[in-house]
Amino acid sequence: MARLPHLRAMESFEAVARLGSVSAAAGELGVSPGAVSQQVRRLEAHLGVTLLERRGRHLELTRWGRLYHAEIEGAFAQLLAAERPLRAALGGAPLVVSGLPTVAAKWLGRALYDRAREVPDVPVRLVSEEADAAGSGEAWDFRMDFGPPPADGPGAELFTDVAVPACAPSLLEGRPISTPEDLLVLPRLRIGWSARYDRFEPPSWEAWAGRHGLVLPPGAPAMSFALTASAIDAAVAGQGVVLGQRAMMQEELLTGRLVVPLDLPLPLSEPYALRWSRAALEKPGGAGLRDWLLARGRQEAARLRKDG
């Protein structure tokens, strides 16, 4: 690989070629005209060609100067553009936190609301994305997903959730529940997880029944949902019993909008994990937000152990 010329020399020539004079280039770069001329001569010596020639009182690009400037002009524009993300971060651009739709709606959103009250001067943007968004969708600083932490990047385990049957209190009126068979008479709501999670064995009524030695009654569930959040909302509306995750239903359970008629848990096969980009910790508030989310995850894990 050929040795690059001194970057200052290239910068001086690019400014002269773009602005049309040594004095204008010197003013932009904050140096003396003599220093600019010296850098241009240094670049010409390195390249072995003449880049500028004087025509009376004016400077003009030679044939080689026009060719060289056409090549480096875009490169310097790209170098200037490279500063923009850094300037945006330093100027208060929000930290972007990404999560699965249910995670974003039922856990991350509620957690980050508490964080905003504690640290109001660090802006955060929450985005809901089904796909692993490292290369698609909006670029994120932090990502919460289902499955173990990655082996090829920074991340940490948060907590392993537990699925339990839950429903609205109104669904139980006049229907005392004392056995699993009583519960299975009620309409069941099914959650259809994405096929990409099949290897993690996501929670299902079949897995729940198998864990507790039960046989599901014949017939299809009352309704099927692509998102756990939608199934939880349907259960709140009294449409059936959802096999929902405790961490994702925490607010509904605390407020009494959902109840657990029989506490027969099904632990998830894998934990939720938090990942972060390497640049996230360099942004204002990035390291603090990571530490706060990890602490919140430990609190959730302790609460799940206590409830379980």
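Residue indices begin from 1 for each chain and proceed along its sequence in written order. Only residues with pLDDT of at least 70 get local features here, since the model is predicted, and only at 80 or more are side-chain atom pairs given and counted; chain-wide, interface and lining totals rely on the full set of residues. With hydrogens and water stripped out, all remaining heavy atoms of the structure feed into the side-chain values.

1. A few points about the overall build of the chain
Part 1 of the reasoning: Numbered from the N terminus, helices here are DSSP runs of H or I no shorter than four residues, and strands are runs of E no shorter than two. Within the chain one finds 10 helices and 12 strands.
Part 2 of the reasoning: Relative to its length of 308 residues, the chain is extended, with a C-alpha radius of gyration of 31 Å against a globular reference of 19 Å.
Part 3 of the reasoning: Only protein chains enter the calculation, and the probe is 1.4 Å; a residue is then buried if its accessible area is under 20% of its type maximum, exposed if over 50%, and partly exposed in between. Put simply, the chain has 308 residues, and 41% of those count as buried.
Part 4 of the reasoning: In this analysis, two residues are considered to be in contact whenever any of their non-hydrogen atoms come within 4.5 Å of each other. Across the chain, contacts joining residues at least 24 apart in sequence account for 76% of those joining residues at least 6 apart.
Part 5 of the reasoning: For the chain, the exposed area adds up to about 16300 Å²; of that, 54% sits on carbon and sulfur atoms.
Part 6 of the reasoning: Note on charges: Lys and Arg go in the positive column, Asp and Glu in the negative column, and His and the chain ends are not counted at all. Charged side chains are reduced to one point each, which is NZ for Lys, CZ for Arg, CG for Asp and CD for Glu. Distance between charge centroids for the chain: 7 Å, based on 35 positive and 36 negative side chains. Atoms considered for the radius of gyration are the C-alpha atoms alone. The globule rule reads 2.2 Å times the number of residues to the power 0.38. Residue-level accessible areas treat just the shown protein chains as cover; the underlying method is Shrake-Rupley with a 1.4 Å probe.

2. Quick notes on the sheet that holds strand 7 (residues 162–166)
The pairing of strands in a sheet happens through backbone hydrogen bonds and is either parallel or antiparallel.
Part 1 of the reasoning: At least two bridges found by DSSP between two strands are what make those strands a pair. Ordered in space as 9-8-10-7-11, the 5 strands form an open sheet in which the pairing is mixed. At either end of the open sheet lies a strand with only one pairing partner, and these are strand 9 (223–225) and strand 11 (266–267).
Part 2 of the reasoning: By the bridge criterion, 2 bridges tie strand 7 to strand 11 in an arrangement that is antiparallel. Paired with V162 across the two strands is P267, which belongs to strand 11.

3. Observations regarding the pairing of strand 7
Part 1 of the reasoning: Counting buried positions along strand 7 yields 5 of 5 residues, so the element is predominantly enclosed.
Part 2 of the reasoning: With burial as the criterion, each face of strand 7 is covered, one bearing V162, V164 and A166 and the other bearing A163 and P165.
Part 3 of the reasoning: As paired elements, strand 7 and strand 10 (residues 241–245) share 4 bridges and run antiparallel to each other. For A163, the partnering residue across the bridge sits in strand 10 and is Q245.

4. Re the sheet that holds strand 12 (residues 272–276)
Part 1 of the reasoning: Reading across the sheet, the 5 strands line up as 4-3-5-12-6 and stay open at both edges, with mixed pairing between neighbours. With one partner strand each, in any of the chains shown, strand 4 (124–128) and strand 6 (155–159) form the two edges of the open sheet. In this sheet, adjacent strand axes meet at a mean angle of 20° when their direction is disregarded.
Part 2 of the reasoning: Relative to strand 5 (residues 142–146), strand 3 (residues 95–99) is paired through 3 bridges, and the arrangement is parallel. Convention adopted: a line fitted to C-alpha atoms gives each axis, helices being fitted over their contacting stretch, and angles between N-to-C directions are expressed from 0 to 180 degrees.

5. Here we look at the domain arrangement of the chain
Part 1 of the reasoning: Marked domain ranges trace back to an automatic or database domain assignment. The domains assigned to the chain are domain 1 (7–89), domain 2 (95–158 + 271–307) and domain 3 (159–269).
Part 2 of the reasoning: Computed over C-alpha atoms, the centres of domain 1 and domain 2 are 45 Å apart.

6. Brief notes about the nonpolar core
Part 1 of the reasoning: Residues belong to a common nonpolar core when they are buried Ala, Val, Leu, Ile, Met, Phe, Trp, Tyr or Cys residues joined through side-chain atoms within 4.5 Å. Of all hydrophobic cores here, the largest spans 58 residues; its most connected members are M144, F159, W208 and Y272.
Part 2 of the reasoning: The greatest single-element share of this core, amounting to 6 residues, is contributed by helix 10 (residues 286–307).
Part 3 of the reasoning: Here this core spans two domains, since at least three of its residues come from each of domain 2 (95–158 + 271–307) and domain 3 (159–269).
Part 4 of the reasoning: Contacts of Y272, omitting those with residues within four sequence positions, involve V103, M144, D145, F146, G147, E157, L158, F159, D161, W193, Q245 and M248.

7. Re the packing of helix 2 (residues 22–29) against helix 3 (residues 33–47)
Part 1 of the reasoning: At their nearest, the axes of helix 2 and helix 3 sit 8 Å apart, and the two run at 105° to each other. As far as their axial angle goes, helix 3 and helix 2 are roughly perpendicular. Residues V22, A25 and A26 of helix 2 touch helix 3, and the partners they reach there are P33, V36 and S37.
Part 2 of the reasoning: For the contact of helix 2 with helix 3, the class distribution of residues is 5 nonpolar, 1 polar and no charged. An angle counts as roughly parallel when it lies under 35 degrees, as roughly antiparallel when it exceeds 145, as roughly perpendicular when it falls between 65 and 115, and as oblique in every other case. In the scheme used here, Gly and all other residues not listed as nonpolar or charged are polar, with Ala, Val, Leu, Ile, Met, Phe, Trp, Tyr, Cys and Pro taken as nonpolar and Asp, Glu, Lys and Arg as charged.

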